[in-house]
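Observations on the model geometry
Listed here are the chains, written in short residue letters.
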Amino acid sequence: MTTRRVVVGVDGSLLAVRALDRAAEEAALRGAALEIGYAVPDPDVAGPVLQTAVSRARTRQPGLEVTAVPLTGDPAHALAERGRDAALTVVGSRGFGGFAGLLLGSVSLRLAAYTESPLLVVRREDAPPAEHGEVLLGIESDADADASAYAFEEAERRHARLRIVHAWTYRYSAPDALVPVPATSVQDDINRQAAAEEAVPAFAVAGLREKHPRVGIETRTVRSGPVHALLNATRTADVAVIASHRRRGRHGLQLGHVTRALLHHAHCSVVVVPSITEES
């Protein structure tokens, strides 16, 4: 019996079926067990939905170890707790029933903020897996190490290429004194920052390139807002991977605007990889 698990939340909706299929595929790729959860006030109500989900997963992935777990309480908290030590947790971006309004009702946003393991949110607009053969990694700096490692592993699992996008914007710092600054000086500053930003992706993933030599990589540094750059890049990706930085013990949703934008508007599925630091 494998100790690795992929956890998926279902609710009987059409998109939840797509999430279930994707979760079964992810479990098979990893040699992991699949655990199907459904959160409703009365666990007895979950039976028919869970039985149907288990049957579908076993039919689509013969030999896959599949279990069903009725969950109680708040759906986001219940699924986050169930997936705490999972290799991956999977949900659809919208639904009804126990996981009603994923995104529209903020459940998936809260799940992304609570989860301590990678979370895959399957979008309604998601293309069939492996249609493009590309994994997209949005990277800000080497602080995104966990997300970078996940993206390399995902590309290797799927025999896909990895496209790394690093976006940056120039922020001009005015001098204390009200002294005119020559335009050439500003341009020189922009050029220096551009050269430094261009090197960010290569340095951030240098060790991973050595560890995964079979993964084909394309790096792109763009002077643009990260939301615009990454949303545009999701048009040709099978899955987008992004880090979510937060502090343990801090209350409230700690999702950055880039993560929120991708969860709402990406053209493919999105994996949020948590990077959790202790509260100082």
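The preceding data block contains the structure.
**As for the overall build of the protein**
Of the regular secondary structure elements, the protein holds 10 helices and 10 strands. Of all 280 residues assigned to the protein, the portion counted as buried reaches 49%. A separation threshold of at least 6 residues defines the contact pool for the protein, and within that pool the share at least 24 residues apart is 80%.

**Some remarks on the side chain of E154**
Structurally, E154 is set in helix α5 (residues 145–158). Side-chain polar atoms of E154 contact the side chain of R157, separated by 2.7 Å. When near neighbours in sequence (up to four residues on either side) are disregarded, E154 contacts E26, R30, V135 and V239.

**Considering the pattern of salt bridges**
When the charged atoms of two side chains with opposite charge come close together, those side chains can pair. Summed over the entire model, instances satisfying the criterion amount to 19 salt bridges. The salt bridge partner of E154 is R157, with a shortest N-O separation of 2.7 Å. Linking E154 with R157, this pair stays in helix α5, spanning three residues, or about one helical turn. For E154, a relative accessible area of 1% puts it in the buried group. A salt bridge links R192 to D189; the shortest N-O distance between them is 3.8 Å. In this pair, R192 and D189 are both assigned in helix α6 (residues 183–198), three residues apart and thus about one turn of the helix distant. The exposed category is assigned to R192, whose relative accessible area is 55%.

**Here's the deal with the packing of helix α1 (residues 14–30) against helix α2 (residues 47–60)**
Packed helices, taken two at a time, are described by the angle between their axes plus the distance between the axes. Between α1 and α2, the least distance of the axes is 10 Å, while the angle of their chain directions is 45°. Taken together, α1 and α2 sit at an angle that is classed as oblique. The element α1 and its partner α2 pack so that their crossing is right-handed. Contact with α1, carried on its side by V17, L20, D21 and A24, involves A53, R56, A57 and R60 of α2 and no other residues of that element. Residue composition of the contact of α1 with α2, by class: five nonpolar, no polar and three charged.

**A word on the layout of surface pockets**
Put simply, the largest pocket is a space of about 510 Å³. Lining the largest pocket are 22 residues, and of these E140, A167, P226, H257 and V258 sit closest to its centre. Those elements that place two or more of their residues in the lining of the largest pocket are β7 (161–168), α6, α9 (226–233), β9 (239–248) and α10 (257–265). Grouping the amino acids of the lining of the largest pocket by side-chain chemistry returns nine nonpolar, nine polar and four charged.

Here is what the cut-offs are and how they apply
Residues numbered from 1 in each chain as written. Predicted model: local features only at pLDDT ≥ 70, side-chain atom pairs only at ≥ 80, totals over all residues. Heavy atoms only, no water. Helix = DSSP H or I, 4+ residues; strand = E, 2+ residues; numbered from the N terminus. Buried < 20%, exposed > 50% of the residue type's maximum accessible area, 1.4 Å probe, protein only. Contact = heavy atoms within 4.5 Å. Polar contact = N/O pair within 3.5 Å; in protein donor to acceptor, adjacent residues only side chain to side chain. Salt bridge = Lys/Arg side-chain N within 4 Å of Asp/Glu carboxyl O. Axes fitted to C-alpha atoms, helices over the stretch in contact; angles between N-to-C directions. Parallel < 35°, antiparallel > 145°, perpendicular 65-115°, else oblique. Left-handed = near helix turned anticlockwise from the far one by under 90°. Nonpolar A, V, L, I, M, F, W, Y, C, P; charged D, E, K, R; others polar. 1 Å grid on protein atoms, 1.4 Å probe; cavity = no way out; pocket = protein on both sides within 12 Å on 5 of 7 lines; lining within 4 Å. Points joined across faces, edges and corners; volume = space filled by probe spheres on them.

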